[in-house]
Every structure is written in structure tokens, then in C-alpha cells.
Amino acid sequence: MNKALIVITGASSGFGAACARLFSSRGYPLLLLARRIERLEALGLPDTLCREVDVTDRVALDAAVREAETRFGPADLIVNNAGQMLLGKLSEQAPSEWERMLDVNVKGVLNGIHAVLPGMLARRHGTIINISSIAGRKTFPNHAAYCGTKFAVHAISENLREEVALQDVRVITIAPGAAETELLGHTSSQEIKDGYNAWKEGMGGVISAEDIAEAVRYAYEQPQHLCIREIVLAATRQEP
């Protein structure tokens with residue numbers, strides 16, 4: 001039996017790349033989207049279409065999904081994973097950093113939803129998984145703008161679930177705690193990066209990208225009538 005198409009944004013590293021490897025190993029065809037196409041192609045996964053797409057470009061994202069659906073059939077899952085974490089105090093942080101996070105973390109998620117939702121509603125089948133963060137449920141020092149974007153992802157996800165539940169489309173939020181990804185490297189303040197790394201070391205290590213991919217797989221592979229609305233996961237020793 002042929003498996004349905006899965007779309008993954010931000011698939012060039014971290015959670016996205018881990019999801020790509022896991023779902024490919026289980027026989028799913030993939031559309032992988034990221035700005036660094038060479039990293040997508042380096043994954044070397046079969047039945048995979050790689051496209052250089054910034055999730056803030058709605059037209060390009062839509063076009064890539066249509067291309068993949070022509071090749072593999074309708075998208076049954078999108079993992080809206082692309083994100084930016086630019087930490088800083090609001091009194092000191094460059095407004096361009098807020099704008100980038102709002103564009104990628106919020107508008108990018110909306111663009112991903114927009115690309116697949118009409119087809120899912122028409123088929124009365126499909127799953128949207130939005131990768132948020134524990135920072136979408138509580139606040140942390142130096143996270144004001146970032147938390148704002150992730151609180152938005154939680155709100156969008158829950159409101160969308162209420163809109164589409166009776167048409168049998170699932171909406172799921174995955175909220176990781178501190179994890180080993182490239183996200184911290186985007187932060188411009190070395191002091192904040194050093195403090196964050198010391199916090200991670202103090203808890204004896206954090207969760208891996210593969211841990212998140214497994215949570216995504218678990219949620220998606222449940223029967224369509226069962227929606228695991230939210231998964232929050234973190235290292236056992238992460239207190240907040």
C-alpha cells in the first residue's frame with residue numbers, strides 16, 4: 001500500500017531533518033522545504049522532492065506543494081517546523097529580529113497551513129502538526145519576542161482545530177523544551193548564548209531532535225479518529 005505524502009518545512013537540520021529521516025525510513029514520500037537546499041539533497045532520501053523555499057514566500061511554498069502532490073498524491077501531513085529563535089531583551093534587541101521571528105514562526109506556519117488545508121478539508125482527511133515550544137506555554141528570560149511567536153502558534157493551532165475538527169482534519173501542537181538544535185546559534189548576543197548553554201549543561205543534557213521526530217511520528221500514526229492535541233516534552237531534569 002502506497003503511503004501518503006508528508007511535507008516538512010525547515011527540513012535542512014534539527015527537528016525537520018530528523019523527521020525527514022524517520023518518515024523516509026517508514027516508507028513515506030516527502031516534500032522537504034528549506035532555504036539550504038544542499039542540506040536537503042545531502043540527506044539522500046528516496047521518494048523525496050527537495051525545494052529551496054523560505055516559508056515566508058507563500059507563492060513559492062504553494063507551488064512546491066502542488067508540484068509534490070502532482071508527483072506523489074495529496075499531502076496528508078504537514079510538519080510546520082521552520083523557525084527562528086533570536087533571544088534578547090526587548091530594550092536592546094534589534095527590531096529586525098522581532099520581525100524575522102514573526103515572519104517565520106507565525107506567518108510561515110500560516111503559509112504552511114494555507115498550502116495544504118483546502119485539500120485536506122475537501123478529502124475530509126489530513127493532519128497539521130505545528131512545532132511550537134514550551135516557550136509557547138510559559139515565559140523565560142530574554143525570550144519575550146520569541147515567546148510571543150510561540151504563544152501565537154499555540155493559539156492558532158487550537159483555534160484551527162476547533163474550525164476543522166468536524167471535517168476530520170487533525171491539528172496537533174508539539175512543544176519541546178530545551179533541545180540540541182542550531183536554533184540558539186541565530187541569537188546575536190554571546191552573553192545570552194553562553195548563559196543558555198550553561199543552563200543546558202546544568203541540567204545534564206537536553207532532548208535530541210530524534211526525540212521530537214518520534215513524538216511527531218507517534219502523533220501522526222494514530223488512527224485518524226484520534227487527535228493527540230498537544231505533546232509537551234522536555235528533559236527530565238529541565239525544571240521550568
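What counts and how
- Residues numbered from 1 in each chain as written.
- Predicted model: local features only at pLDDT ≥ 70, side-chain atom pairs only at ≥ 80, totals over all residues.
- Heavy atoms only, no water.
- Axes fitted to C-alpha atoms, helices over the stretch in contact; angles between N-to-C directions.
- Helix = DSSP H or I, 4+ residues; strand = E, 2+ residues; numbered from the N terminus.
- Parallel < 35°, antiparallel > 145°, perpendicular 65-115°, else oblique.
- Left-handed = near helix turned anticlockwise from the far one by under 90°.
- Contact = heavy atoms within 4.5 Å.
- Nonpolar A, V, L, I, M, F, W, Y, C, P; charged D, E, K, R; others polar.
- Pairing = 2+ DSSP bridges.

Student: Hey, could you go over the packing of helix α1 (residues 14-25) against helix α7 (residues 209-220) for me, with residue numbers and the actual values?
Tutor: It is at 8 Å that the axes of α1 and α7 come closest, and there the two elements cross at 55°. The pairing of α1 with α7 is recorded here as oblique in orientation. Note on packing geometry: the crossing formed by α1 with α7 is right-handed. Side by side, α1 and α7 meet where G14, F15, A18, C19, R21, L22 and F23 of the first sit next to A209, E210, I212, A213, E214, V216, R217 and Y220 of the second. Residue composition of the contact of α1 with α7, by class: 10 nonpolar, one polar and four charged.

Student: Give me the side chain of S132: which residues, what numbers.
Tutor: Relative to the helices and strands, S132 resides in the loop between β5 (126-131) and α5 (144-164). Beyond its immediate chain neighbours, meaning those up to four positions away, S132 contacts K150, V153, H154, T173, I174, A175 and P176.

Student: I'd like a rundown of unusual backbone geometry, residues and numbers included.
Tutor: For R124, which is not glycine, the phi dihedral falls at a positive 55°. Relative to the elements of secondary structure, R124 occurs in the loop between α4 (95-123) and β5. Even without glycine at this site, D168 takes up a positive phi of about 65°. Mapped onto the secondary structure, D168 falls in the loop between α5 and β6 (169-176).

Student: Give a detailed account of the sheet that holds β5, specifying residues and quantitative values.
Tutor: Pairing is parallel across the open sheet formed by seven strands, whose spatial order is β3-β2-β1-β4-β5-β6-β7. In the strand order of this sheet, the two ends are held by β3 (48-52) and β7 (230-233), each with one partner. Taken over all neighbouring pairs, the strand axes of this sheet differ in orientation by 15° on average, direction set aside. Two strands pair when backbone bridges link them, and strand β4 (residues 75-80) and β5 are joined in this way by four bridges, in the parallel orientation. Looking at the pairing, V79 lines up with I129 of β5. Against the sheet, α5 makes contact with β5, β6 and β7, and its axis sits at roughly 160° relative to β6, the strand it touches most.

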